[in-house]
Amino acid sequence: MNKKIPILFSFRRCPYAMRARIAIKLCDLECEIREINLKLKNKEFLNISPKGTVPVLWLCDGTVIDESFEIMKWAYSTNLSDDCSQKVNHEDLIALVDSKFKYHLDRYKYSSRFKNIDVNYHRDSALNILYRIEDLLELGWLNGVTPGFSDLT
């Protein structure tokens, strides 16, 4: 298949796909968005990304990027306009949200799925991470006065 623009395989309600779409939009990058039915994944999608999760970005050169964080980094590194000039300066914060915060949030929010957990511990741990993030929002956005890379997490 001869593509002229990248294709983003997405799912409208997936928060990871949302942040990939937002990064692409903020960086004014042209991209075809193909909505995937996660219950009936088509063969083309599974051939491109056998793990079958979204988002997946299929670049014109055949490169496949199948993690939202990596798609965000690609978008910001591809378009170095003023809006995207504040490249990845909060990678540690994003990693914290994607790992520790999500870990504690899942154990608090879906406590019935886990055995022998202290729900209050996980609630308090997630809340402490949110307090740290709130302190960064004094200027309105994590990157300062305008939204940037880390605001998409």
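Just above, that's the structure.
The structure contained in this document is the topic of the report that follows. (Residues numbered from 1 in each chain as written. Predicted model: local features only at pLDDT ≥ 70, side-chain atom pairs only at ≥ 80, totals over all residues. Heavy atoms only, no water.)

Before going further, it helps to spend a moment on the overall build of the protein chain. A count of helices and strands for the protein chain gives 5 helices and 4 strands. For the protein chain, the N- to C-terminal ordering of α and β elements is β-α-β-α-β-β-α-α-α. The buried share of the protein chain, reckoned over its 153 residues, is 38%. The long-range fraction of contacts in the protein chain, counting pairs at least 24 apart against all pairs at least 6 apart in sequence, stands at 59%. (Helix = DSSP H or I, 4+ residues; strand = E, 2+ residues; numbered from the N terminus. Buried < 20%, exposed > 50% of the residue type's maximum accessible area, 1.4 Å probe, protein only. Contact = heavy atoms within 4.5 Å.)

Inspection of every chain in the model, using the stated rule, returns 8 salt bridges. The salt bridge involving Arg-19 is made with Asp-98; its shortest N-O contact spans 2.7 Å. A residue pair is termed long-range when its members are at least 10 positions apart, and Arg-19 in helix 1 (residues 15-26) and Asp-98 in helix 4 (residues 91-109) qualify at 79 residues. Its salt-bridge partner being Glu-32, residue Arg-34 comes within 2.6 Å of it at the nearest N-O pair. The buried category is assigned to Arg-34, whose relative accessible area is 18%. Bridged by salt links that share partners, the residues Glu-32, Arg-34 and Glu-44 form one connected network. (Salt bridge = Lys/Arg side-chain N within 4 Å of Asp/Glu carboxyl O.)

Turning our attention to the sheet that holds strand 1 (residues 7-10). Taken in spatial order, the 4 strands line up as 2-1-3-4 in an open sheet, and their pairing is mixed. Looking at the sheet topology across the chains shown, the edges are occupied by strand 2 (32-35) and strand 4 (64-65). Relative to strand 4, strand 3 (residues 56-58) runs antiparallel, the two being bridged by 2 bridges. Looking across to strand 4, one finds that Leu-57 is bridged to Ile-65. Sheet contacts for helix 1: strand 1, strand 2 and strand 3; angle to strand 1, the most-contacted strand, approximately 150 degrees. (Pairing = 2+ DSSP bridges. Axes fitted to C-alpha atoms, helices over the stretch in contact; angles between N-to-C directions.)

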